[in-house]
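Working through the structure, step by step
This is what each chain is made of:
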Amino acid sequence: MIRNLIFDIDGTLLDSVDLHAAAWAEAFRAFGIEVPQAEIRGQIGKGGDQLMPVFVPPERLEREGEAIETFRSELFTREYLPKVRPFPGVRALFERLKAEGHVLALASSGKADEVERYQEIAGIRDLVDVATNSDEAERSKPHPDIFQAALARLGHPSRGQAVVIGDSPYDAEAAGRAGVPVIGVLCGGFPEAQLSEAGCTAIYRDVQDLLDGYDRSPLRRGLP
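1. Some words on the overall build of the protein chain
When its secondary structure is counted, the protein chain shows 11 helices and 8 strands. Projected onto its principal axes, the C-alpha coordinates of the protein chain cover approximately 50 × 30 × 30 Å. Looking at the 224 residues of the protein chain, the share that counts as buried comes to 54%. Summarising the internal contacts of the protein chain: among those between residues at least 6 apart in sequence, 66% fall at separations of at least 24. Split by element, the accessible area of the protein chain, about 9900 Å² in all, is 46% carbon and sulfur. One finds the centroid of the 25 positive side-chain charges in the protein chain at a distance of 4 Å from the centroid of its 36 negative side-chain charges.

Have a look at this one:
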């Protein structure tokens, strides 16, 4: 059994990817930057420090990047966060995992108060052992910082005793750079082929599918 499980939040536990993309699109428009929401969606999973350079020229990013990020953060909290819902089976999966003896961690590029709110929305606050946030990572995914912070909080488990569960290729890339295998879920909207190419060792439809197949999963049986 793999004891330490590190979960991404957005798109993995919470149905929030489209909402984040909409908030970014609205924030960019407020600063006169027109970007199709579909293009932004493909970048969700990165933090703002990695997402904005894709769409904002360097000189504008240096001048206005902090203002854009602050605007987006406040907009998301005010207009979009109340619409976020957990995917089916999140609490049931965490209850099963705790009963089986797993240690559960969350690794998010969100701010500390956002991660607290996410745990409330998902209904798992009492089941989470470790939760990291942007304060613990200099760079966001696909850099490994946030997973390295989670591993440190877990006491640097030995090889084979930790795995990441995430929905995006950026989760897989970051986990790989941190030396941790990753299990993918499709509920964040990224294609299965893209997750496989990024390094996912197993892929499930969503957390309910992972719960239903727990006894045969790498979480229970370990990785080859």
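2. Some points on the sheet that holds strand β4 (residues 103–107)
A sheet is described by the order of its strands in space; here 6 strands give the open sequence β5-β4-β1-β6-β7-β8, paired in parallel fashion. A strand with exactly one partner marks an edge of an open sheet, and here the two such strands are β5 (130–132) and β8 (202–204). This sheet shows a mean twist of 20° between the axes of neighbouring strands, independent of strand direction. Relative to β5, β4 is paired through 3 bridges, and the arrangement is parallel.

3. A short note on the layout of surface pockets
Its boundaries defined by the atoms lining it, the largest pocket holds a volume of some 550 Å³. Looking at the largest pocket, it is lined by 27 residues, and the ones nearest its centre are Lys46, Gly47, Gly48, Ser109 and Gly110. Sorting the residues of the lining of the largest pocket by element identifies α1 (17–30), α3 (48–55), α4 (58–80) and α6 (112–122) as the ones contributing at least two each. Looking at the lining of the largest pocket, the element that brings in the most residues is α3, giving 3 residues.

Rules behind the numbers
Numbers given to residues run from 1 along each chain, matching the order in which its sequence is written. Since the coordinates come from a predicted model, pLDDT governs what is reported: local features require at least 70, and pairs of side-chain atoms require 80 or more to be given and counted, while whole-chain, interface and lining totals use all residues. Processing note: side-chain calculations cover all non-hydrogen atoms of the structure and skip hydrogens and water entirely. Helix numbers and strand numbers start at the N terminus; a helix is a DSSP run of H or I with at least 4 residues, a strand a run of E with at least 2. Three exposure classes are used, based on accessible area relative to the maximum for each residue type with a 1.4 Å probe and protein chains only: buried under 20%, partly exposed in between, and exposed over 50%. We call two residues in contact when some of their heavy atoms are within 4.5 Å. Per-residue and other accessible areas were derived by the Shrake-Rupley procedure at a 1.4 Å probe size, with only the shown protein chains allowed to occlude residues. Charged residues are defined here as Lys and Arg on the positive side and Asp and Glu on the negative side; His and the ends of the chain fall outside this count. Every charge is mapped to an atom, namely NZ of Lys, CZ of Arg, CG of Asp or CD of Glu. Two strands are counted as paired when DSSP detects at least two bridges linking them. Fitting a line to C-alpha atoms yields each axis, with helices limited to the stretch in contact; the angle taken between N-to-C directions then spans 0 to 180 degrees. Points on a 1 Å grid, built from protein atoms alone, make a cavity when a 1.4 Å probe fits but cannot get out and make a pocket when they are open with protein on both sides within 12 Å along at least 5 of 7 lines; residues with an atom within 4 Å of a point are the lining residues. Grid points are joined across faces, edges and corners, and a volume is the space filled by probe spheres set on the points.

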